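Descriptive structure summary
Chain by chain, the residues run as shown.
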Amino acid sequence: MPTELDTVQFSFSDVTGHEYTASKDVGVRGRIISAETAIKSFDIGYDGEDHHIMSEKIQTDADVHGDTVNVNLHALFRDASGHIDDPYGGNIEVLVISETE
């Protein structure tokens with residue numbers, strides 16, 4: 001069974017008040033048996049002043065639809081105040097691993 005590797009780039013800025021969520025589709029040759037994702041690289045931070053970081057979350061997963069992998073991303077950057085009120089942004093590259101027939 002062949003394995004196909006692809007990368008998907010997510011770029012965002014000025015997110016405030018909520019978790020960043022996005023999805024992108026990747027076309028794959030052949031019928032997909034299974035697909036997984038992994039974070040390949042990330043650069044995420046505040047759009048402005050320095051802040052003490054309380055938490056950072058980056059989560060990714062994949063949904064298979066025929067010959068397409070839907071890559072889902074959730075990212076959150078929260079400062080020590082506990083609120084999500086400071087604008088943040090970044091770049092996250094996701095590796096998509098697809099097993100095909």
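None of the values given here were measured: they were computed from a predicted structure.

Here we look at the pattern of salt bridges
All chains considered together, the criterion is met by three salt bridges. Note that K57 and E19 form a salt bridge whose closest N and O atoms lie 2.7 Å from each other. Residue K57 is found in strand β4 (residues 53-65), and its partner E19 is found in the loop between β1 (3-15) and β2 (20-27); the two are separated by 38 residues along the sequence. Accessibility expressed as a relative area gives 30% for K57, which makes it partly exposed. Note on E19: relative accessible area 24%, which makes it partly exposed. The partner of E101 in a salt bridge is R31, and the shortest N-O contact between them spans 3.1 Å. On the criterion of sequence distance, the pair formed by E101 in the segment after β6 (88-100) and R31 in the loop between β2 and β3 (32-46) is long-range, its members being 70 residues apart.

Thoughts on the sheet that holds β2
Within the open sheet, the three strands sit side by side as β2-β5-β4. Their pairing is antiparallel. Edge positions in the sheet fall to β2 and β4, since each has one partner strand and no second. Going from strand to strand, the sheet's axes swing by 15 degrees on average, the running direction of each strand aside. Sheet analysis places β4 next to strand β5 (residues 68-79), joined by twelve bridges and oriented antiparallel. Across the sheet, A62 pairs through a bridge with V71, a residue of β5.

About the cut-offs
- Residues numbered from 1 in each chain as written.
- Predicted model: local features only at pLDDT ≥ 70, side-chain atom pairs only at ≥ 80, totals over all residues.
- Heavy atoms only, no water.
- Salt bridge = Lys/Arg side-chain N within 4 Å of Asp/Glu carboxyl O.
- Helix = DSSP H or I, 4+ residues; strand = E, 2+ residues; numbered from the N terminus.
- Buried < 20%, exposed > 50% of the residue type's maximum accessible area, 1.4 Å probe, protein only.
- Pairing = 2+ DSSP bridges.
- Axes fitted to C-alpha atoms, helices over the stretch in contact; angles between N-to-C directions.

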